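Below are the chains, spelled out letter by letter.
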Amino acid sequence: MDFNYAHNDTSRPERPSRTGCVNKLTVAGEAVQNIRRSAFARSIPVSSDETLQFICMQAAAVGAKNILEVGTAVGASGIALLQTCPSARLTTIEKNEELFGEAVQNFQSAGLSSRVTALCGDAAEVMSTLGGGYDFIFLDGPKVQYVKWLPRLKELLARGGLLAADDVLLYGWVNGEEQPPKKRRMLVEHVREYLNAVTSDDGLITYIADVGDGIALSVKK
Ligand SMILES: C[S@@+](CC[C@H](N)C(=O)[O-])C[C@H]1O[C@@H](n2cnc3c(N)ncnc32)[C@H](O)[C@@H]1O
């Protein structure tokens, strides 16, 4: 499978964060760990321990009931979010049909299918059909599209809801810690545009957390 949709270089560890060594993954059970191990072994991109722990903690903090995820992969983060927030429902979008099929099976095996609306397709198209009112959005799809999708994501986010966009520091390329390879410069520019947009938006309160490979947290006022 080719996952070269953005910065998929799973041969390379994430940008080391200062908190990764002390943060423990407590929210994910054996099922999630097995799914993640199997995904890593096949170079399917899935969230790191630290990222998973952080987003689940954030979803619990807002008391998430209606979660949207962009980028299901094989369902690891979706399952962890649902296990953390027992009264939540999850709508999750995945473009890759093979991964989507595996995710649907994983939701079923975890006994969570009744709380999941799994949608296969391009997130831009799928999001145009959704009703909104999401109190937690995990944006974990193609980074190059984040800024383009932001207006729609804001519409879908409930007032007081939290938008968590993953991988916004991209190996230190975005904040200039490291030089991006030439072929990733455009991607880095798009992610910077996303960060500029969310940090200068009067309708959002944003904090860029140095967690995993960087997570932009934006609350809708
Ligand atoms: C980083 S992975 C998601 C990992 C997952 N959230 C987890 O932590 O377990 C990103 C996913 O976004 C999917 N994707 C890429 N472009 C997409 C698009 N335009 N619409 C929907 N999904 C897309 C990829 O196929 C990939 O599975």
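Caption draft 1: Local environment of the site of the ligand. With respect to spatial proximity, 18 residues lie near the ligand, and among them Ser47, Gly71, Ala73, Ser77 and Ala123 are the closest. Where the shell around the ligand is concerned, the elements lending two or more residues are helix H3 (76–84) and strand E2 (89–94). Its residues placed into classes, the shell around the ligand shows nine nonpolar, five polar and four charged.

Caption draft 2: Just the packing of helix H6 (residues 146–156) against helix H7 (residues 185–199), in detail. At their nearest, the axes of H6 and H7 sit 8 Å apart, and the two run at 35 degrees to each other. Where H6 abuts H7, its residues Tyr146, Val147 and Leu150 lie against His190, Val191, Glu193, Tyr194 and Ala197. Considering only residue class, the contact of H6 with H7 consists of six nonpolar, one polar and one charged.

Caption draft 3: Region of interest: the sheet that holds strand E4 (residues 134–139). Pairing is mixed across the open sheet formed by seven strands, whose spatial order is E3-E2-E1-E4-E5-E7-E6. Each of the sheet's edge strands pairs with one partner strand only, and the pair in question is strand E3 (116–120) and strand E6 (204–209). Averaged over all pairs of adjacent strands, the angle between their axes in this sheet comes to 15 degrees, without regard to strand direction. Relative to E3, E2 runs parallel, the two being bridged by five bridges. When the sheet's bridge partners are listed, Glu94 is paired in E3 with Cys120. Running at roughly 175 degrees to strand E5 (residues 157–166), helix H2 (residues 49–61) makes contact with strand E1 (66–70), E4, E5 and strand E7 (215–220) of the sheet. Sitting on the sheet, H7 touches E5, E6 and E7, and the angle it makes with E6 is about 135 degrees.

Caption draft 4: Quick peek at the packing of H2 against H3. With their axes 9 Å apart at the nearest point, H2 and H3 run at an angle of 40 degrees to one another. Put simply, H2 runs oblique to H3. Of the two elements, H2 crosses H3, and the hand of that crossing is right-handed. Taking contact as the criterion, the partners of Leu52, Ile55, Cys56, Ala59 and Ala60 in H2 are, on H3, Ser77, Ala80, Leu81 and Thr84. Each residue belonging to the contact of H2 with H3 can be placed in one class, and the counts come to seven nonpolar, two polar and no charged.

What counts, and at which threshold
Residues numbered from 1 in each chain as written. Predicted model: local features only at pLDDT ≥ 70, side-chain atom pairs only at ≥ 80, totals over all residues. Near = placed C-beta within 6 Å. Helix = DSSP H or I, 4+ residues; strand = E, 2+ residues; numbered from the N terminus. Nonpolar A, V, L, I, M, F, W, Y, C, P; charged D, E, K, R; others polar. Axes fitted to C-alpha atoms, helices over the stretch in contact; angles between N-to-C directions. Contact = placed C-beta atoms within 7 Å. Pairing = 2+ DSSP bridges. Parallel < 35°, antiparallel > 145°, perpendicular 65-115°, else oblique. Left-handed = near helix turned anticlockwise from the far one by under 90°.

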